Amino acid sequence: FYTENLTNIIDTYQPSIKSSTLRGSSASLKSLVSSVKSEINNYLVAKYEFKEKNADEKLVANETALYEELNNDLFEAKINGLLDRTYARKMAYEISLLQSRESEIYKSTNDETLKQALNSSYDSLNNLYESFDSFSETK
(Lines give C-alpha, C1' and ligand atoms only; values in the text may rest on other atoms or scores of the structure.)
Protein backbone atom coordinates (compact mmCIF):
# COMPACT_ATOMS: atom_id res chain seq x y z
CA PHE A 1 0.00 0.00 0.00
CA TYR A 2 2.85 2.35 0.81
CA THR A 3 4.49 1.95 -2.59
CA GLU A 4 1.16 2.32 -4.38
CA ASN A 5 0.38 5.50 -2.45
CA LEU A 6 3.84 6.90 -3.14
CA THR A 7 3.41 6.19 -6.86
CA ASN A 8 0.06 8.03 -6.80
CA ILE A 9 1.70 11.04 -5.14
CA ILE A 10 4.43 11.10 -7.77
CA ASP A 11 1.86 10.82 -10.58
CA THR A 12 -0.13 13.69 -9.09
CA TYR A 13 2.66 16.19 -8.45
CA GLN A 14 5.49 15.38 -10.86
CA PRO A 15 3.83 17.19 -13.81
CA SER A 16 3.71 20.40 -11.75
CA ILE A 17 7.38 20.41 -10.78
CA LYS A 18 9.30 23.24 -12.44
CA SER A 19 12.84 21.88 -12.08
CA SER A 20 13.77 19.45 -14.85
CA THR A 21 16.40 17.89 -12.56
CA LEU A 22 13.80 17.27 -9.87
CA ARG A 23 11.33 15.89 -12.43
CA GLY A 24 14.03 13.49 -13.63
CA SER A 25 14.79 12.32 -10.09
CA SER A 26 11.07 11.92 -9.52
CA ALA A 27 10.68 9.78 -12.64
CA SER A 28 13.57 7.59 -11.48
CA LEU A 29 11.98 7.28 -8.05
CA LYS A 30 8.66 6.24 -9.56
CA SER A 31 10.34 3.57 -11.67
CA LEU A 32 12.24 2.24 -8.67
CA VAL A 33 9.18 2.25 -6.39
CA SER A 34 7.17 0.38 -9.04
CA SER A 35 9.92 -2.21 -9.32
CA VAL A 36 10.11 -2.64 -5.52
CA LYS A 37 6.33 -2.97 -5.33
CA SER A 38 6.37 -5.67 -7.98
CA GLU A 39 9.21 -7.61 -6.32
CA ILE A 40 7.61 -7.54 -2.88
CA ASN A 41 4.12 -8.37 -4.19
CA ASN A 42 5.48 -11.30 -6.18
CA TYR A 43 7.27 -12.57 -3.08
CA LEU A 44 4.17 -12.21 -0.87
CA VAL A 45 1.95 -13.96 -3.39
CA ALA A 46 4.43 -16.81 -3.95
CA LYS A 47 5.32 -17.34 -0.31
CA TYR A 48 2.06 -16.50 1.48
CA GLU A 49 -0.59 -16.48 -1.28
CA PHE A 50 -1.18 -12.84 -0.31
CA LYS A 51 -4.25 -11.01 -1.57
CA GLU A 52 -4.65 -7.26 -1.08
CA LYS A 53 -8.28 -7.63 -0.05
CA ASN A 54 -7.09 -9.69 2.96
CA ALA A 55 -4.71 -7.00 4.21
CA ASP A 56 -4.93 -5.85 7.82
CA GLU A 57 -7.50 -3.04 8.09
CA LYS A 58 -5.41 -1.11 10.64
CA LEU A 59 -2.43 -1.19 8.28
CA VAL A 60 -4.54 0.04 5.38
CA ALA A 61 -6.06 2.82 7.52
CA ASN A 62 -2.62 3.90 8.74
CA GLU A 63 -1.18 3.97 5.21
CA THR A 64 -4.21 5.91 3.97
CA ALA A 65 -3.79 8.52 6.72
CA LEU A 66 -0.08 8.93 5.87
CA TYR A 67 -0.94 9.27 2.18
CA GLU A 68 -3.57 11.93 2.86
CA GLU A 69 -1.19 13.91 5.06
CA LEU A 70 1.53 13.87 2.39
CA ASN A 71 -0.98 14.76 -0.33
CA ASN A 72 -2.33 17.67 1.73
CA ASP A 73 1.19 19.00 2.44
CA LEU A 74 2.12 18.87 -1.23
CA PHE A 75 -1.18 20.39 -2.35
CA GLU A 76 -0.63 23.33 0.02
CA ALA A 77 2.92 23.74 -1.24
CA LYS A 78 1.65 23.73 -4.82
CA ILE A 79 -0.94 26.44 -4.27
CA ASN A 80 1.61 28.52 -2.34
CA GLY A 81 4.26 28.26 -5.07
CA LEU A 82 6.60 26.12 -2.96
CA LEU A 83 6.09 22.75 -4.63
CA ASP A 84 9.63 22.05 -5.86
CA ARG A 85 11.39 22.61 -2.55
CA THR A 86 8.63 20.93 -0.51
CA TYR A 87 8.44 17.98 -2.91
CA ALA A 88 12.22 17.47 -2.75
CA ARG A 89 12.18 17.54 1.06
CA LYS A 90 9.16 15.23 1.34
CA MET A 91 10.51 12.73 -1.20
CA ALA A 92 13.87 12.61 0.61
CA TYR A 93 11.93 11.75 3.76
CA GLU A 94 9.79 9.15 1.94
CA ILE A 95 12.95 7.55 0.54
CA SER A 96 14.37 7.24 4.05
CA LEU A 97 11.11 5.59 5.17
CA LEU A 98 11.20 3.20 2.23
CA GLN A 99 14.82 2.30 3.00
CA SER A 100 13.89 1.63 6.60
CA ARG A 101 11.06 -0.68 5.55
CA GLU A 102 13.28 -2.45 3.04
CA SER A 103 15.91 -2.95 5.72
CA GLU A 104 13.33 -4.55 8.02
CA ILE A 105 12.19 -6.91 5.25
CA TYR A 106 15.79 -7.72 4.36
CA LYS A 107 16.56 -8.71 7.96
CA SER A 108 13.44 -10.85 8.25
CA THR A 109 13.77 -12.92 5.06
CA ASN A 110 15.98 -15.79 4.00
CA ASP A 111 14.92 -15.55 0.37
CA GLU A 112 18.09 -14.71 -1.59
CA THR A 113 16.25 -13.39 -4.64
CA LEU A 114 14.28 -10.95 -2.50
CA LYS A 115 17.45 -9.96 -0.62
CA GLN A 116 19.24 -9.20 -3.89
CA ALA A 117 16.34 -7.08 -5.12
CA LEU A 118 16.16 -5.18 -1.84
CA ASN A 119 19.92 -4.65 -1.81
CA SER A 120 19.87 -3.24 -5.32
CA SER A 121 16.87 -1.06 -4.53
CA TYR A 122 18.46 0.23 -1.31
CA ASP A 123 21.58 1.35 -3.18
CA SER A 124 19.52 3.06 -5.88
CA LEU A 125 17.40 4.77 -3.23
CA ASN A 126 20.60 6.08 -1.62
CA ASN A 127 21.55 7.80 -4.87
CA LEU A 128 18.08 9.24 -5.30
CA TYR A 129 18.01 10.39 -1.69
CA GLU A 130 21.10 12.49 -2.37
CA SER A 131 19.51 14.16 -5.39
CA PHE A 132 16.34 15.04 -3.47
CA ASP A 133 18.13 15.99 -0.26
CA SER A 134 20.60 18.29 -2.01
CA PHE A 135 17.99 19.92 -4.25
CA SER A 136 18.13 23.68 -4.35
CA GLU A 137 15.99 25.95 -6.49
CA THR A 138 18.98 28.26 -6.94
CA LYS A 139 21.05 25.68 -8.85
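Residues numbered from 1 in each chain as written. Predicted model: local features only at pLDDT ≥ 70, side-chain atom pairs only at ≥ 80, totals over all residues. Heavy atoms only, no water.

Colleague: Can you help me understand the overall build of the chain in this one?
Modeller: Within the chain one finds 5 helices and 0 strands. Along the chain, helices and strands appear, N-terminal first, in the series α-α-α-α-α. The globule rule puts the C-alpha radius of gyration for 139 residues at 14 Å, and the 16 Å found for the chain is close to it. For the chain, the C-alpha atoms occupy an extent of roughly 45 × 30 × 20 Å along the three principal directions. Counting over 139 residues, the chain shows a buried share of 34%. (Helix = DSSP H or I, 4+ residues; strand = E, 2+ residues; numbered from the N terminus. Rg over C-alpha atoms; globule rule 2.2 N^0.38 Å. Buried < 20%, exposed > 50% of the residue type's maximum accessible area, 1.4 Å probe, protein only.)

Colleague: Looking at this structure, I do not really get the side chain of lysine 115. What am I missing?
Modeller: Mapped onto the fold, lysine 115 is located in helix H5 (residues 112-133). Look past the residues within four positions of lysine 115 in its chain and what remains in contact with it is Tyr106, Thr109 and Asn110. (Contact = heavy atoms within 4.5 Å.)

Colleague: What should I look at first to understand the packing of aromatic side chains in this one?
Modeller: To describe a pair of aromatic rings, one takes the distance between the centres and the angle between the planes. As enumerated under the stated definition, the model contains 1 aromatic pair in all. A cation over an aromatic ring shows up here: arginine 101 above the ring of tyrosine 2, its NZ or CZ 4.2 Å from the ring centre. (Phe/Tyr/Trp six-rings, centres within 6.5 Å; stacked < 30°, edge-to-face > 60°. Lys NZ or Arg CZ within 6 Å of the ring centre and 35° of its normal.)

Colleague: What am I meant to see in the packing of helix H1 (residues 2-13) against helix H3 (residues 57-79) here?
Modeller: Each pair of packed helices gets described by two things: the angle between the helix axes and the distance between those axes. Running from N to C, H1 and H3 point in directions that differ by 15°, and their axes come no closer than 10 Å. By the angle class used here, H1 and H3 are roughly parallel. Judged by the twist between their axes, the crossing of H1 over H3 is right-handed. Here H1 contributes Tyr2, Asn5, Asn8, Ile9 and Tyr13 to the contact with H3, which in turn contributes Glu63, Thr64, Tyr67, Leu70, Asn71, Leu74, Phe75 and Lys78. Looking at the contact of H1 with H3 residue by residue, the classes come out as 7 nonpolar, 4 polar and 2 charged. (Axes fitted to C-alpha atoms, helices over the stretch in contact; angles between N-to-C directions. Parallel < 35°, antiparallel > 145°, perpendicular 65-115°, else oblique. Left-handed = near helix turned anticlockwise from the far one by under 90°. Nonpolar A, V, L, I, M, F, W, Y, C, P; charged D, E, K, R; others polar.)

The analysis is restricted to geometry; functional conclusions fall outside its scope.
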